[in-house]
Amino acid sequence: MFTVAICDDDKIVLSSIQKCIEEFATENNISISVDLYDSGKKLLESSPKYNVIFLDIILQTENGIDIGTQLRKLNAFTYIIYITNYKQYHETAHNNVHSFAFLTKPISKKIIYKQLNDILIYESQNNDPLYIARFITYEQGLTEFNIDDIYFFEYIKKRYVKICSKSGDYHFNEKIGNIDIDMASYNFFMPHQSFVVNLKYVKDIKNYELLMTNGIRIPLSQKRAVLFKNALNNYLEKMLIL
């Protein structure tokens, strides 16, 4: 079951987007549940973790950017799609919340379909063989990883590298420089000579330190700071455009 929430204080907008999503589900023969909220407070109070959230920027007494920031803390992997009449919030939504898309009202059925199609494509890639990496680890021998499940690689000592993943930590022998080269096409980047990180899981940058979505802090070297920030911005812009 694919789960979607729509949060807007305009009932016409709520019903319009809901209708588009339900028609998309019917046409594509997939199961999608849709929940409606007229305030960010009610959305935050709801327990379910949604796959997709359509969120208005300006609610009656709330700021959608603030709501999005809180939602991102609860779930780093939700696709947040902003819907608004205020184009000036685009950069803030992009940089602060890492939104998936920023849609200007009125929103057409075609645009809604495109966002949902793109999300389904990204989700399907999680099971694509092209996104599987294999390493001979000390813990399990030949070990397969979904690349999307890897937070980062850390050089420990003398070709001894740690893989920090959703399923735990593993270790294998390789030069960290080779990992940087091999993983570059999968949106990994080296912020420091001892780390190669998955840009998807970079939550914030403060001074010369990265905060990952799993709570780990990783050093950012001064020499690579500009390169890394450019790489992260390019990745986020690509996610918005696709």
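None of the values given here were measured: they were computed from a predicted structure.

Quick notes on the rules
Residues numbered from 1 in each chain as written. Predicted model: local features only at pLDDT ≥ 70, side-chain atom pairs only at ≥ 80, totals over all residues. Heavy atoms only, no water. Pairing = 2+ DSSP bridges. Helix = DSSP H or I, 4+ residues; strand = E, 2+ residues; numbered from the N terminus. Axes fitted to C-alpha atoms, helices over the stretch in contact; angles between N-to-C directions. Phe/Tyr/Trp six-rings, centres within 6.5 Å; stacked < 30°, edge-to-face > 60°. Buried < 20%, exposed > 50% of the residue type's maximum accessible area, 1.4 Å probe, protein only. 1 Å grid on protein atoms, 1.4 Å probe; cavity = no way out; pocket = protein on both sides within 12 Å on 5 of 7 lines; lining within 4 Å. Points joined across faces, edges and corners; volume = space filled by probe spheres on them. Salt bridge = Lys/Arg side-chain N within 4 Å of Asp/Glu carboxyl O. Contact = heavy atoms within 4.5 Å. Core = buried A, V, L, I, M, F, W, Y, C linked by side-chain atoms within 4.5 Å. Polar contact = N/O pair within 3.5 Å; in protein donor to acceptor, adjacent residues only side chain to side chain.

Student: Help me out: how do you make sense of the sheet that holds strand β10 (residues 168-173) in this one?
Tutor: Either a parallel or an antiparallel arrangement is found when strands of a sheet pair, and the pairing is made through backbone hydrogen bonds. Ordered in space as β10-β9-β8-β12-β11, the five strands form an open sheet in which the pairing is antiparallel. With partners counted over all chains shown, the strands left at the sheet margins are β10 and β11 (188-192), one partner each. Strand-to-strand twist across the sheet, computed as the mean angle between neighbouring axes with direction ignored, equals 25 degrees.

Student: Looking at this model, I keep getting lost on the packing of aromatic side chains. Mind explaining?
Tutor: Both the distance between ring centres and the angle between the ring planes are used here to describe each pair of aromatic rings. Following the criterion strictly, the structure yields 13 aromatic pairs and no others. In textbook terms, an aromatic cluster arises when at least three aromatic residues are bridged by ring pairs, as seen for Phe135, Phe145, Phe153, Tyr170, Phe172 and Phe188.

Student: I tried to follow unusual backbone geometry on my own but got confused; where do I start?
Tutor: Where the residue is not glycine, phi is negative for most of them; where a peptide bond is considered, it is trans in most cases. Here the residue pair Lys105 and Pro106 is connected by a cis peptide bond, since its omega of -5 degrees sits within 30 degrees of zero. Phi is positive for His98, which is not a glycine, with a value near 55 degrees. Looking at the element boundaries, His98 is found in the loop between α4 (90-97) and β5 (101-104). The exposure class assigned to His98 is partly exposed, which follows from its relative accessible area of 22%.

Student: Sorry if this is basic, but what is going on with the layout of surface pockets here?
Tutor: Left-over empty space is what a probe sized like a water molecule reveals as it rolls over the atoms. Empty space within the largest pocket amounts to approximately 1200 Å³. The set of elements that each furnish at least two residues to the lining of the largest pocket consists of α3 (64-74), β4 (79-84), α4, α5 (109-125), β13 (202-206) and α7 (225-241). Ranked by the residues each element gives to the lining of the largest pocket, the list is headed by α7, at eight residues.

Student: Looking at this structure, how should I read the pattern of salt bridges?
Tutor: Should their charged atoms come close, side chains of opposite charge can pair. This model, assessed by the stated rule, comprises 13 salt bridges. Between Lys109 and Glu23 there is a salt bridge, and its shortest N-O distance comes to 3.0 Å. On the criterion of sequence distance, the pair formed by Lys109 in helix α5 and Glu23 in helix α1 (residues 11-28) is long-range, its members being 86 residues apart. Between Arg134 and Glu144 there is a salt bridge, with its nearest N and O atoms 2.8 Å apart. Of this pair, Arg134 sits in strand β6 (residues 132-137) while Glu144 sits in strand β7 (residues 141-146), and the two are ten residues apart along the sequence. Both residues of the pair, Arg134 and Glu144, belong to the exposed class. What you see here is one network of salt bridges that share partners, running through Asp8, Asp56 and Lys105.

Student: Would you mind going over the pairing of β11 with me for this structure?
Tutor: Each regular strand carries side chains that alternate between the two faces of the sheet. Counting buried positions along β11 yields five of five residues, so the element is predominantly enclosed. Relative to strand β12 (residues 195-198), β11 runs antiparallel, the two being bridged by three bridges. Along β12, the bridge assignment pairs Phe189 with Val197. Turn length for the β11-β12 hairpin, with the two strands adjacent in sequence and antiparallel, is two residues.

Student: Honestly, the environment of Phe54 in this entry has me stumped. Any pointers?
Tutor: Checked against the element boundaries, Phe54 lands in strand β3 (residues 52-56). Sequence separation between Phe54 and Ile112 is 58 residues, and the spatial gap between their C-alpha atoms is 10.0 Å. In this structure Phe54 touches Val4, Ala5, Ile6, Cys7, Ile17, Ile21, Ile81, Ile83, Ile112 and Leu116, once residues within four positions along its chain are discounted.

Student: It is not clear to me how the nonpolar core should be interpreted in this structure. Could you clarify?
Tutor: Taken as a class, soluble globular proteins show a tendency for nonpolar side chains to be buried jointly. Among the nonpolar cores identified, the biggest contains 26 residues, and Ile21, Phe54 and Ile112 are the most heavily contacted of them. When contributions to this core are tallied by element, the ones reaching two or more residues are β1 (2-7), α1, β2 (32-37), β3, β4, β5 and α5. Tallying contributions element by element places α1 first for this core, with seven residues. Core analysis: the second largest hydrophobic core is formed by 20 residues, Phe189, Val202, Tyr235 and Met239 among them.

Student: Please explain the pairing of strand β9 (residues 160-165) as it appears in this structure.
Tutor: A large share of β9 lies buried, amounting to five of its six residues. Here strand β8 (residues 150-157) hands over to β9 after two residues, with Lys158 in that stretch at a positive phi of 35 degrees. Bridge count for β9 against β10 is six bridges, and the pairing is antiparallel. Counted as the bridge partner of Lys162 is His171 from β10.

Student: I would appreciate a short explanation of the side chain of Arg72 in the present structure.
Tutor: Looking at the element boundaries, Arg72 is found in helix α3. The class of Arg72 is buried, set by a relative accessible area of 11%. Here Thr78 takes part through its backbone oxygen, which lies 2.9 Å from a polar atom of the side chain of Arg72. At a separation of 3.0 Å, a polar atom in the side chain of Arg72 contacts the main-chain carbonyl oxygen of Val97. When near neighbours in sequence (up to four residues on either side) are disregarded, Arg72 contacts Phe77, Thr78, Ile80, Val97 and His98.

Treat this as a map of the structure, not an account of what it does.
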